[in-house]
Amino acid sequence: QVQLLQSGTEVKEPGASLKVSCKASGYPFTRYYIHWVRQAPGQGLEWMGIFNPRDDTTSYAQQFQGRVIMTRDTSTDTVYMQLSSLRSEDTAVYYCSRDAAFGLFDPWGQGTLVTVSS
Amino acid sequence: QSALTQPPSASGSPGQSVTISCTGTSSDVGGYNYVSWYQQHPGKVPKVMLYEVTKRPSGVPDRFSGSKSGNTASLTVSGLQAEDEADYYCTSYAVSNTWVFGGGTKLTVL
């Protein structure tokens, strides 16, 4: 079945960088965009950006411009999200999700908990 | 890129209907028919309930419906059931291939 499997829990110090992976299976990897969404503890969903695995094109939310990079490895059907200059406010669960039909975010990965703390 | 505006809470009794609004601008909700709604139970992954304003993915009960007028989209849940109690988020396509979420609405079934 269609599935997105994310990397595990991370603990980072302020100023460090983060790289979360999202491995796709059960569908043609390059056919669908991947979104990244995060959710801080007790807060709402926040859209971070979108990645096209077919041609590496990206679009990032303004608030993450300059700090986020999304990449892929087609040999393993994996998309990566890197976030730099981490601060405590970046503590959140990070999700990847496939865009199955222009705004139909389905499925979602299981989420990756990232804690930024000294 | 400002978040879409949703009421923080909504409630209704079992069997009743409740409507949750999602207000944006002409650059997002009002400009495109690409509004989706997501249900999230505590500790769980979000689940899509509606996309392209009114479309229901397979498996979503027809008690869930959507509409849009101007810069405001709405999610209506009819025949409320206990399992509908959750957080609901809208999202919309915006300019330059970006998306924006609403702040979320906590739906309580009384």
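Further up the page is the structure itself.
Each value, and the rule that gives it
- Residues numbered from 1 in each chain as written.
- Chains lettered and ligands numbered in written order.
- Predicted model: local features only at pLDDT ≥ 70, side-chain atom pairs only at ≥ 80, totals over all residues.
- Heavy atoms only, no water.
- 1 Å grid on protein atoms, 1.4 Å probe; cavity = no way out; pocket = protein on both sides within 12 Å on 5 of 7 lines; lining within 4 Å.
- Points joined across faces, edges and corners; volume = space filled by probe spheres on them.
- Helix = DSSP H or I, 4+ residues; strand = E, 2+ residues; numbered from the N terminus.
- Nonpolar A, V, L, I, M, F, W, Y, C, P; charged D, E, K, R; others polar.
- Contact = heavy atoms within 4.5 Å.
- Buried area = accessible area lost by both parts, 1.4 Å probe.
- Salt bridge = Lys/Arg side-chain N within 4 Å of Asp/Glu carboxyl O.
- Polar contact = N/O pair within 3.5 Å; in protein donor to acceptor, adjacent residues only side chain to side chain.
- Core = buried A, V, L, I, M, F, W, Y, C linked by side-chain atoms within 4.5 Å.
- Buried < 20%, exposed > 50% of the residue type's maximum accessible area, 1.4 Å probe, protein only.
- Phe/Tyr/Trp six-rings, centres within 6.5 Å; stacked < 30°, edge-to-face > 60°.
- Lys NZ or Arg CZ within 6 Å of the ring centre and 35° of its normal.
- Pairing = 2+ DSSP bridges.
- Axes fitted to C-alpha atoms, helices over the stretch in contact; angles between N-to-C directions.

*Asks:* Hey, could you run me through the layout of surface pockets in this one?
*Replies:* One water molecule sets the probe size; rolling that probe over the atoms shows where empty space is left. What the largest pocket holds in volume is close to 280 Å³. Along its surface, the largest pocket is lined by 21 residues, and Gln39(A), Gly42(A), Gln43(A), Gln40(B) and Tyr89(B) are the ones closest to its centre. The element contributing the most residues to the lining of the largest pocket is strand β9 (residues 92-99) of chain A, with three residues. Its residues assigned to classes, the lining of the largest pocket shows eight nonpolar, ten polar and three charged.

*Asks:* Before we go on, may I ask you to explain the interface of chain A and chain B in this structure?
*Replies:* For interface size, the figure often reported is the accessible area lost on association. Each partner contributes to the interface: chain A provides 26 residues, whereas chain B provides 21 residues. Interface of chain A and chain B: buried area, both sides summed, is about 1800 Å²; carbon and sulfur atoms make up 64% of it. Considering only the surface of chain A that becomes buried against chain B, Leu45(A), Trp47(A) and Phe102(A) emerge as the three largest contributors, covering 35% of it. For the pair chain A and chain B, the number of links is zero salt bridges. Counting the contacts that link chain A with chain B gives seven residue pairs in polar contact (both at pLDDT 80 or more). Within the residue set of the side of chain A that touches chain B, elements represented by two or more residues are β4 (34-39), β5 (45-51), β6 (58-60), β9 and β10 (105-108) of chain A.

*Asks:* How should the nonpolar core be read in this particular structure?
*Replies:* One recurring pattern in soluble globular proteins: nonpolar side chains tend to sit buried together. Trp36(A), Met48(A), Met81(A) and Phe101(B) are the most contacted members of the largest nonpolar core, which has 40 residues in total. Looking at this core, the element that brings in the most residues is β5(A), giving five residues. Formed by 23 residues, the second largest nonpolar core is a distinct cluster that contains Cys22(B), Val35(B), Trp37(B) and Leu80(B).

*Asks:* For this particular structure, what's the right way to read the packing of aromatic side chains?
*Replies:* Think of a pair of aromatic rings as described by two things: how far the centres are apart, and how the planes are tilted against each other in angle. Within this structure, the stated rule accounts for 15 aromatic pairs over all chains. Measuring from ring centre to ring centre gives 5.7 Å for Phe105(A) and Trp99(B), while their planes differ by 75°; the resulting arrangement is edge-to-face. Of this pair, Phe105(A) sits in strand β10 while Trp99(B) sits in strand β8 (residues 98-101), on two different chains. Trp99(B) matches Phe105(A) in its accessibility class, with the two residues each being buried. Connected via pairs of aromatic rings, a cluster forms that spans Tyr95(A), Phe102(A), Phe105(A), Trp108(A), Tyr32(B), Tyr34(B), Tyr38(B), Tyr93(B), Trp99(B) and Phe101(B). The lysine or arginine in question, Lys19(A), covers the ring of Tyr80(A), its NZ or CZ lying 4.6 Å from the ring centre.

*Asks:* When you look at the pattern of salt bridges in this model, what are you seeing that I'm missing?
*Replies:* Two side chains bearing opposite charge may form a pair once their charged atoms approach each other closely. One pass over the full model with this rule turns up eight salt bridges over all chains. Across the pair Arg63(B) and Asp84(B) runs a salt bridge whose closest N-O atoms are separated by 2.7 Å. You can see Arg63(B) sitting in the loop between β4 (47-50) and β5 (64-69) and its partner Asp84(B) sitting in the loop between β6 (72-77) and β7 (86-94), a full 21 residues away along the chain. Among the residues examined, Arg63(B) registers a relative accessible area of 16% and is labelled buried. In this structure, a network of salt bridges that share partners links the residues Arg38(A), Glu46(A), Arg67(A) and Asp90(A).

*Asks:* Any chance you could explain the sheet that holds strand β8 (residues 78-83) of chain A here in plain terms?
*Replies:* The pairing of strands in a sheet happens through backbone hydrogen bonds and is either parallel or antiparallel. Residues and elements named next belong to chain A. Taken together, four strands build an open sheet; the order of strands is β1-β3-β8-β7 and the sheet is antiparallel. Looking along the sheet, the strands with just one partner apiece sit at the ends: β1 (3-6) and β7 (68-73). Going from strand to strand, the sheet's axes swing by 20° on average, the running direction of each strand aside.

Shape descriptors only; they carry no functional weight alone.
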